[in-house]
Amino acid sequence: MTKTSNAMWGGRFAAGPDAIMEAINASISFDKRLARQDIAGSRAHAAMLAATGILTNNDAEAIREGLLTVLSEIEAGTFAFSTALEDIHMNIEARLKEVIGEPAGRLHTARSRNDQVAVDFRLWVRDQCDAADQALAALMRALVTQAEAGADWVMPGFTHLQVAQPVTWGHHMLAYVEMLARDRSRFADARDRMNESPLGAAALAGTSFPIDRQMTAEALGFDRPMANSLDAVSDRDFALEFLAASSICAMHLSRLSEELVIWSTAQFRFLRLSDRWSTGSSIMPQKRNPDAAELIRAKIGRIFGANVALMTVMKGLPLTYSKDMQEDKEQVFDAADNLMLALAAMTGMVGDMTANREVMKAAAGAGFSTATDLADWCVRTLGLPFREAHHVTGVLVAMAEKQGIDLPDLTLAQMQSVHPGITADVFAFLGVENSVASRKSYGGTAPVMVRAQVARWMEELK
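Note that this is a predicted model, so its numbers are computed, not measured.

Enquirer: Sorry if this is basic, but what is going on with the side chain of Asp38 here?
Expert: Of note, Asp38 is situated in helix α4 (residues 35-51). One polar contact links Asp38 to His89, side chain to side chain, over a distance of 2.7 Å. Aside from chain neighbours lying at most four places away, what touches Asp38 is Ile88, His89, Ile92, Gln116 and Asp120.

Enquirer: For this particular structure, what's the right way to read the packing of α4 against helix α7 (residues 113-149)?
Expert: Between two packed helices, both the angle of their axes relative to each other and the distance between the axes serve to describe the pair. Across the interface, α4 lies against α7 with an axial gap of 9 Å and an inter-helix angle of 125 degrees. In terms of orientation, α4 and α7 fall into the oblique class. Handedness of the α4/α7 crossing: right-handed. Listed contacts from α7 to Arg36, Gln37, Asp38 and Ser42 of α4 are Gln116, Asp120, Leu123, Trp124 and Asp127. Each residue belonging to the contact of α4 with α7 can be placed in one class, and the counts come to two nonpolar, three polar and four charged.

Enquirer: Would you take a moment to explain the pairing of strand β2 (residues 162-168) for this structure?
Expert: On any regular strand, side chains alternate: one points to one face of the sheet, the next to the other face. Relative to β2, strand β1 (residues 154-159) runs antiparallel, the two sharing six bridges. Residue pairing in the sheet places Phe158 in a bridge with Val163 of β2. Two successive antiparallel strands, β1 and β2, enclose a turn made up of two residues, where His160 displays a positive phi of approximately 55 degrees.

What counts, and at which threshold
Residues numbered from 1 in each chain as written. Predicted model: local features only at pLDDT ≥ 70, side-chain atom pairs only at ≥ 80, totals over all residues. Heavy atoms only, no water. Helix = DSSP H or I, 4+ residues; strand = E, 2+ residues; numbered from the N terminus. Polar contact = N/O pair within 3.5 Å; in protein donor to acceptor, adjacent residues only side chain to side chain. Contact = heavy atoms within 4.5 Å. Axes fitted to C-alpha atoms, helices over the stretch in contact; angles between N-to-C directions. Parallel < 35°, antiparallel > 145°, perpendicular 65-115°, else oblique. Left-handed = near helix turned anticlockwise from the far one by under 90°. Nonpolar A, V, L, I, M, F, W, Y, C, P; charged D, E, K, R; others polar. Pairing = 2+ DSSP bridges.

Written out as structure tokens, the structure reads:
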């Protein structure tokens, strides 16, 4: 009977339900990443307990020093983590007792694992916001460097992946700088909102001990304590905001990855990725595959997935803490790891890539990319309503297309056959160099505007 019962649980869990319960309940395999934050929170808590007379100074000092010993063991890789002790909090507390003895048991006065994990996780996510900000700034600097070099390099601008109007390489690079700047602001906003301390909320209702929550908040770099103990232990908005900001940032990285993949093809040849960020084929010696860009594009799905997963975990939970919330960390850890990896890889690729200026310029002149310039000229010079100018230009495009030539290759006589008011002056506005130079409106692609934006970003990213 025993053998039959145990066999139901499978080979790994031959010991029966107890083994399964330990496996599903324990979180030490992943929450050990919170060790540094857990020890920081405990040291701040111990100092506050002594300051308020809840602990003696001697006990508090023994706890604080003992925690540093435990931290040194963890950082040295000599700490023995135990699944039986469930999580990082109990692992550290058990080792602290071995190090300093009886005073270790006093550390948990006036707190619960509920507010303990809430403060640990919040501290960890706050650190990740800071790390993301630094990584984004590095990528932005790499893009600005590309923009500075190619401020006047003409390339096609696209809509629907069809040639639309000529732009500059610098302008295109700066578009991503703007996106990433918004990502930085989202992480900064999320950090500001999460910078409140849940420590001292205890299990859910606060504590009867005369604690000083302002003291622990300040010690841990928070702006203030959280104002409601129920919210303090049950809130995971900070993690969701981090994942939301990460998801939008990841989407930007995926869009840039897609362009790098397209532009590095033999059909486009707009750029060359360095050998550091490309791989070869096992059977096709001519291949240079943009694997790093493709992997970034794919890994983004894990970040999106983490966002959806945690939203799903939280959506049906009543106040306050439920064990479901143990499923918050692995999602956030994985998303943070993949975001930082993607940012680092993209920074390397952008820094090393080489744009093919001549190929881009030739492509910029194809597909009637200066048609809008012709329409604008008809409005400015001939006084035509834009819709009429649009029609005239459309007829000329059809004429050129039928002959297999581009707009600047039409003769003046051919143009005048569509509208007699067109003069030879129009040809000065149809070249791609002239086209981009004329786009001097704020935010436009003219090299003079690009260089101004480059200067602004260089100053902001110092």
